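Descriptive structure summary
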Amino acid sequence: MSVAVFILLSLAGGVGAVARFVLDGLVRSRVSSAMPWGTILINISGSLLLGLVTGMLGAQLLTPELQLVLGAGFLGGYTTSSTASVETVRLLQQRRMVLALGNLLGTLVVGSAAATLGLVLGAAL
Amino acid sequence: MTDNGPCPLQRDAPGQVLSLWWASTGQETAMTTSGRTGDEQAARAERLPQRPVRPLHLQAGALALVLLGGTLGTAAREGLTLVVPEVGGFPIALSCINLVGALLLGVLLESLARRGPDTGPRRSLRLLLGTGLMGGFTSYSALSLATQQLLADGTVGRALAFALLSVVLGVLFAFAGVLLASRRRAGGAR
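Here's what I pulled together on the structure shown here. Along each chain, residue indices are assigned from 1 in the same order as the chain's sequence is written. Naming scheme: in the order in which they are written, chains are lettered from A and ligands are numbered from 1. At least 70 in pLDDT is required for a residue's local features to be given in this predicted model, at least 80 for side-chain atom pairs to be given and counted, and no such filter applies to totals for whole chains, interfaces and linings, which use all residues. Side-chain measures were taken over the full set of non-hydrogen atoms in the model, leaving aside hydrogen atoms and water.

**So, the layout of surface pockets**
Residues are called lining when one of their atoms sits within 4 Å of a cavity or pocket point, these points coming from a 1 Å grid over the protein atoms alone, where a cavity is a set in which a 1.4 Å probe fits but cannot get out and a pocket is an open set with protein on both sides within 12 Å along at least five of seven lines. Grid points are joined across faces, edges and corners, and a volume is the space filled by probe spheres set on the points. Estimated volume of the second largest pocket: approximately 790 Å³. Lining the second largest pocket we find 30 residues, and of these D24, R28, T83 and E87 of chain A together with R126 of chain B sit closest to its centre. To qualify as a helix, a DSSP run of H or I must reach at least 4 residues; to qualify as a strand, a run of E must reach at least 2; elements of each kind are numbered from the N terminus. Looking at the lining of the second largest pocket, the elements that each hand over two or more residues are α1 (3-30), α2 (37-58) and α4 (81-93) of chain A together with α4 (92-115) and α5 (120-137) of chain B. For the lining of the second largest pocket, the leading source of residues is α1 of chain A, giving six residues. Three classes are used, and their members are as follows: Ala, Val, Leu, Ile, Met, Phe, Trp, Tyr, Cys and Pro are nonpolar, Asp, Glu, Lys and Arg are charged, and the others, Gly among them, are polar. Residue classes in the lining of the second largest pocket are distributed as 14 nonpolar, ten polar and six charged.

Pasting the structure below:
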């Protein structure tokens, strides 16, 4: 990987983190729930989009460099597993076992399904 | 870090830089500086309700902190991913990154929450190191895609084991981080 691609990829990750921060803030200001819907939405949509750009790479609709900047960069910075883990811990601490399990497994199952869907869509474009 | 409570030199130096940066965005810092008198504080408190407060996720200073942290976190993740090879088809680098990130985020958020309300330098640190650095360092989309690829390879058992271990260990590491921070804080404060 060239230095230019690495720098672009890192900056794209920073922009992705900002997008996550803004979207999570918007969701929090509109939905008051113990369930961390912002992070769930972000991680599932990010998984869908990573599948999409990876499928587009396979269909040669994107160059490998652009796929890296968008996939590992923007979407890597946009999605976060550390926040999802800490939010599950917070739900467990509040004894909300069903929500904790739903957050943990729901994001995993729907996220992986979304990545699959994205991959199929990207390859079909 | 010592166990004997706050160390002024270590903690105040970066905190001041952050709070100055913060102040330059027009955001009120709730951490009072030593030079401010009670009257000034009361006057500020009176003015506060009349000014429409922009939500945090739309403040330029907050966005800049998240951008900086997210860029550095992404660079660290990509650097490690390039250096550490996959082992037996499993993205070991990604797993380690997500576990270390969960542990550190647990330590950070619990330490900050125990030091006081989410305002001023504490909030700046949360945005820079938590939302930005750890958020950018760890990745969920890559975990979803790796699970999908293990499934597509026809190794359903391996895919399930990898995915479940990743998220369950992530929660355990985050919990360990929370415990570490609460033990250290409880031991140091008394």
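**Here's the deal with the side chain of R77 of chain B**
Summarising the element assignment, R77 of chain B is placed in helix α3 (residues 60-83). Reaching out from R77 of chain B, the side chain makes a polar contact with the backbone oxygen of G136 of chain B at a distance of 3.0 Å. Whether two residues are in contact is decided by their heavy atoms, any of which lying within 4.5 Å being enough. In this view, R77 of chain B contacts A72, G73, G76 and G77 of chain A together with I97, G136, F137, T138 and S139 of chain B; residues no more than four positions away in its chain are not counted. Pairs of N or O atoms are called polar contacts if they sit within 3.5 Å, as long as, within protein, a hydrogen donor faces a hydrogen acceptor (for residues adjacent in sequence, only side-chain-to-side-chain pairs).

**Focus: the nonpolar core**
In these notes, a set of buried Ala, Val, Leu, Ile, Met, Phe, Trp, Tyr and Cys residues joined through side-chain atoms within 4.5 Å is what counts as a nonpolar core. Only protein chains enter the accessibility calculation, which uses a 1.4 Å probe. A residue is then buried if its area is under 20% of the maximum for its type, exposed if over 50%, and partly exposed in between. Residues L143 and V167 of chain B are the most contacted members of the largest nonpolar core, which totals 23 residues. Mapped by element, the contributors of at least two residues to this core are α4 and α5 (97-124) of chain A together with α4, α5, α6 (141-152) and α7 (156-189) of chain B. It is α7 of chain B that contributes the most residues to this core, seven residues altogether.

**Quick look at the packing of aromatic side chains**
Residue and element names in this part refer to chain A. Here a Phe, Tyr or Trp ring, Trp counted by its six-membered ring, pairs with any other such ring whose centre lies within 6.5 Å, and the pair is stacked when the planes are under 30 degrees apart, edge-to-face when over 60, and tilted otherwise. Summed over the entire model, instances satisfying the criterion amount to two aromatic pairs over all chains. Taken together, a centroid distance of 5.9 Å and an interplanar angle of 10° make the contact between F74 and Y78 stacked. Residue F74 and its partner Y78 are located together in helix α3 (residues 64-78), separated by four residues, close to a single helical turn. Given a relative accessible area of 8%, Y78 falls into the buried group.

**A look at the interface of chain B and chain A**
Chain B puts 46 residues into the contact, and the matching count from chain A is 48 residues. Buried area between chain B and chain A, both sides added, is near 3,600 Å², and the carbon and sulfur share of it is 73%. The quantity reported as buried area is the accessible area (1.4 Å probe) lost by two parts once they are put together, taken as the sum for both. Among the residues chain B hides against chain A, the three largest losses belong to H57, Y140 and S141 of chain B. Together they make up 19% of the total. One speaks of a salt bridge when a side-chain nitrogen belonging to Lys or Arg is within 4 Å of a carboxyl oxygen belonging to Asp or Glu. Remark: the boundary between chain B and chain A carries one salt bridge. For E110 of chain B, the salt bridge goes to R90 of chain A, with nearest N and O atoms at 3.0 Å. Our count for the chain B to chain A interface comes out at 16 residue pairs in polar contact (both at pLDDT 80 or more). Counting only elements with at least two residues in the side of chain B that touches chain A, the list comes to α3, α4, α5, α6 and α7 of chain B. When residues of the side of chain B that touches chain A are assigned to their parent elements, the largest contribution, twelve residues, is made by α3 of chain B.

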